[in-house]
Amino acid sequence: MARLNANSLGVAQEIIARYPVPRSALIPLLHLAQEQEGYVTEDAMAHIAELVGVTPAEVMGTCSFYEMLKREPVGEYMVNICNGISCHLLGSSDLIHHAEATLGVRPGGTTDDGKITLEAVECIAACTEAPCLQVNYRYRNRVTADDFDQLVSELRDDTAKVASHGQLAMVRQHIGDDRRAGVSPPDGQGEPAWMARNPSDNGDGS
Amino acid sequence: MSENETVVNITVNGQPVEAKPGEWVIAAAERAGVYIPHFCYHPRMNSVGMCRMCIVDIDAGRGPALQPSCMVEVSEGMVVDTTSEQTRKAQDGVLEFLLLNHPLDCPVCDKGGECPLQDQTMAYGPGESRFVEEKRHFEKPIPVNDLVYLDRERCILCDRCTRFADEVAGDPLITFQDRGDQTQVNTFPDLPFSSYFSGNTVQICPVGALTAAPYRFKARPWDLTEVESTYPNPMGDRVVVQASRDQVLRYQGVDSDAVNWGWLTDKDRFAFEATASELRLHTPLVRGTPLGRLDPGGSELVETSWGQALSLTADAIKAAVADKGPQSVAVLGGARLTNEDQYAWARLAKGVIGTDHVDAQLDDGLPAEGVLSLPRATINRACTPGGTVILMAPDPKEEQGTLYLRLRHAIVNDGVQLIELTPRATGLSHLAAFRLHHRPGEAAAVAAALMGGDIEAGPDGDIGGTPVSAVAAAAAAIANRADQPLTVVLGRPSLAEPADFTMDAVAELVRFANLLSAGGRPGIAFLPALHRGNVLGALDMGLAPGLLPGRITLADGGPALAEAWGSVPSNPGADTRGILQAAVNGQIEVLILLGADPLGDFPHRELADEALSQVGTIVASDLFLNPSTVRAHIVFPAAGFAERRGTHTNLEGRITGQRQIVTPPGTARADWAIATELARQLGADFGFGAPEDVWDEITRVAPSHRNLSMEAIDASEDGVVAADSSIAFTPPDNATPVPHVDAYSLRLVAARRMYDRGTLLQHAPSLAGLAPTAVLAVNPYDFDRVGVEPGADVQVISNAGEMDMPVVADPGVPRGTAAFGYNYPDLDVRDLVDPDAMVTDLRIQTR
Ligand code: SF4
Ligand code: FES
Ligand code: FES
């Protein structure tokens, strides 16, 4: 299990600096941890707790609330087949059976090669494109059994052009130093009142 | 009350009710005698609307609608109906929902018989469930810490325990995890709910999901008898003591608005185990031969009769007085007794024997006269919204748990500003407006600058180790709030230094008191956070040198009391240190230990050791044999808490009742009775037949306790508060100079931890193992300077001694300082402290 590595830590600090209150950064940091390992390790949760000044139990509370934050290792690709009403009416159950037969796992399971985790999920808000699925949260619409087989073979030889699990956005947002909510106000400007630090706080316990 | 305090008129079940603005409907109804069933609502925590049980018909002008009464504020003209058909249906439905996943294992559940879920299902619920599916399953009880078990199947997710941990205790180590029907309360894996207050969650859990290890499967609620009483700690926490078959089985907190709000620390809550310990003393003992013959030089304590023990003691006292005068008898301890016990011993010592060598504090508190001379605050005064609290005491989280909870609430919710004037960070530091962490011993300089003196840097460019700017900002903050009460929580912040430094700082605060109270402003008052049960009662009852019962000095009160008592000591006596020194010099013939263990507690162990070996007759009255009392010649088994009636005085001077529910072990007796009997053998008839007689006399002879009749104490929910003393504060002649610390040394701060090697704790099996092992805590920035690695085993050297221990990084310890626990079970800090030096400087080296 791993804490945030040096790279992630740098990003984490930048994320934290965007918020007036550090704990507001909790969810983005959990995504960051998931991006690093493919899932959120307990060590990463403890590390995040240190970074934002809450207890690990509080991080666990938040992390465990969200389905998309995985606390156990998953495959390189999460394949979430929608089983909402529209998709169901248009044959998603058959698609799920087909997937089970093809991959040899039940929803929730991961293939032996560690490539694919299959999930059956509730409506993913693409009902007009039913039946649909997501691969690492990227949509595939009006999916037939053939489409599915095609997808699986692409995933297996890594030609599907899908970002690895955990990575939500291809482009990382960057915020200029002068626009951060951190503790360094732009030149010539005082700290806004809500940011005023404890005057006796030297950070070294004195 | 403020001027915008008006009344909101509402109607509850047809009756007009006067509610307070901002009050929840559920609270207003309850005050008016209408109980609305609920699970998650708790008057001392924020409403969350989790359980929906409190749903009633509320009409705020737009027609009746079902709303959770714990989340709706009263408004003018509001009509509430808690009995409507709709309400009943809602309650019925909510209960059916709450029971969907509930295992209904009531027959094997500790809560059965006192369970709100059970009771409310009976009163408002459906007779049966329509749920036929499988209930959710979790591993049956899992420990969340050493004391508390959690059965997640029983949990109804009311959020009380988790809110308590977060809002009240500030230890959010249990949280809701997962989601939907899988939601559960849990800790982080392998990170227990290590809170000093975890037992409270057991008390407030509305189902049997949280149970306490010391009570599990011990009794059924209907087998318990109970009395309301006062726990013997300096806060005087109100408790219900529950017993079955003459054994105390549980303490529950009582919501006293003035004191503990229903909370207790785990240490106090579970200390009941010690009362029933096998090791309790149950019969008088004398030193003799194994065959039971008396022999002052004997190697063993053998059982004897009360008559024998008492007359031996009386003889020893008579001989000592005849031989070397009354001051050859000395009394140490008594801080754990009731006021009545203390008064009886004080009268015996000072009025009958005539010695003033009496001290309840073992040189680990503050000078008694100084404490009594200060204007006393109440806890509620300290917590006045918008007020200021100066903390000049050991960490309240470690020593005065429920005071910590009250202060924490006041800071977080009521805008009280906390100024920490301590040698190290405390459990409240992260909430403090100003953290003025001074070098050990240098509080006075900071206090002076803070209160109106010049804010000028000392020779090191700071004020007592605190940055000038921080002191200036804090001083300005105090001035800003001068129209609100300023309360000083006052104690002995470190036992590695004498009380003189603290009293110097107090003198500075008092010097500016007039300034603070000018123009009718509330000014400054003090809450003495001293250590040990009824220590404040002991000071009030005269168990201190130079004092008589009623917060009066020997000089001022002597003549009046001499009339009531017959005589008072002619010479002022010495404090514990002086008494032990006198013993070493051969001037003490009889030493009476009242629940005291100088060997274990007095800061200078060698002196105590030497003193005990010099005294001709050591008499002890105690619950247990301790390292000191095993060396006694005569031992009286004393009755403890819950085994006798009496009154207790807390740090506010609040007097509340203690009641008896079980019989003392063997022939153990209450201390007032022991003192009275001894007095009789010495020719004085106190005329006490019951603790009420003693109290009666106290209210007649003790100036601060006049008119505080037993009836008045019992009549008021929160007891009565004794009057301030007429003793004037005498500032020390000269401030004690603080020696300079050299660049390679760290100055020692030693304070108590909650769990330690204390006698009571060690006899409570559930608590005995909780004391932490010894470590030296050092600021992370100091490791380079002293040249060791964090976590390393090091050798710590002072001029008094040396010992090996791990050193850990702790940002709460200021640079240049090292912090150590006073009473770790494994290492004794007294081996490092030079009792005659003003400060203790440590050097650290790798082994
Ligand atoms: S354990 Fe008890 S107090 Fe905690 S949420 Fe569950 S029912 Fe409420
Ligand atoms: S039901 Fe499948 S996307 Fe809505
Ligand atoms: S008591 Fe109001 S919702 Fe629980």
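What counts, and where the lines are drawn
- Residues numbered from 1 in each chain as written.
- Chains lettered and ligands numbered in written order.
- Predicted model: local features only at pLDDT ≥ 70, side-chain atom pairs only at ≥ 80, totals over all residues.
- Heavy atoms only, no water.
- Core = buried A, V, L, I, M, F, W, Y, C linked by side-chain atoms within 4.5 Å.
- Buried < 20%, exposed > 50% of the residue type's maximum accessible area, 1.4 Å probe, protein only.
- Contact = heavy atoms within 4.5 Å.
- pLDDT = per-residue confidence, 0-100.
- Pairing = 2+ DSSP bridges.
- Helix = DSSP H or I, 4+ residues; strand = E, 2+ residues; numbered from the N terminus.
- Axes fitted to C-alpha atoms, helices over the stretch in contact; angles between N-to-C directions.
- Near = heavy atom within 4 Å.
- Nonpolar A, V, L, I, M, F, W, Y, C, P; charged D, E, K, R; others polar.
- Parallel < 35°, antiparallel > 145°, perpendicular 65-115°, else oblique.
- Left-handed = near helix turned anticlockwise from the far one by under 90°.

(A) Quick peek at the nonpolar core. Residue and element names in this part refer to chain B. Counting 194 residues, the largest nonpolar core has Trp345, Leu436, Leu450 and Met451 as its most contacted members. The residues contacting Trp345, other than those within four sequence positions of it, are Leu337, Leu543, Ile592, Leu594, Ser621, Asp671, Ile674, Ala675 and Leu678. Among the nonpolar cores identified, the runner-up in size contains 26 residues, and Val786, Val794, Val807 and Tyr824 belong to it.

(B) Expanded view of the confidence of the model for chain A. Summing up the model confidence of chain A, the mean pLDDT is 87 and the portion of residues at 70 or higher is 83%. Here residues 191-206 of chain A is a poorly scored stretch, pLDDT under 50, and it has 35 contacts once near neighbours within four places are set aside; other chains count.

(C) How the structure looks around the sheet that holds strand β27 (residues 634-637) of chain B. Residues and elements named next belong to chain B. Within the open sheet, the seven strands sit side by side as β15-β14-β27-β26-β25-β16-β17. Their pairing is mixed. Two strands bound the open sheet, and with one partner strand each, they are β15 (300-303) and β17 (358-359). Inspection of the sheet shows strand β14 (residues 285-288) paired to β15 by four bridges, in the antiparallel sense. Bridge pairing in β15 places Leu285 opposite Glu303.

(D) Molecular detail of the sheet that holds strand β2 (residues 116-121) of chain A. All names here are of chain A. Ordered by their spatial adjacency, four strands build an open sheet running β2-β1-β3-β4, and the pairing between neighbours is mixed. Where the open sheet ends on each side, the last strands, each with one partner, are β2 and β4 (138-140). With direction set aside, neighbouring strand axes in the sheet form an average angle of 25 degrees. Across six bridges, strand β1 (residues 77-82) lies against β2 in parallel orientation. Pairing of Cys82 across the sheet is with Val121, part of β2.

(E) Up close: the site of ligand 1. The immediate surroundings of ligand 1 are formed by 13 residues, with B:Cys155, B:Cys158, B:Asp159, B:Cys161 and B:Cys205 found nearest. Class assignment for the residues of the shell around ligand 1 results in eleven nonpolar, no polar and two charged.

(F) Quick look at the packing of helix α1 (residues 6-17) of chain A against helix α3 (residues 42-52) of chain A. Residue and element names in this part refer to chain A. In contact at an axis separation of 11 Å, α1 and α3 are set at 40 degrees when each is read in the N-to-C sense. In terms of axis orientation, α1 runs oblique to α3. Judged by the sense of rotation from one axis to the other, the crossing of α1 with α3 is right-handed. On α3, the residues that touch Leu9, Ala12 and Ile16 of α1 are His47, Leu51 and Val52. By residue class, the composition of the contact of α1 with α3 is five nonpolar, one polar and no charged.

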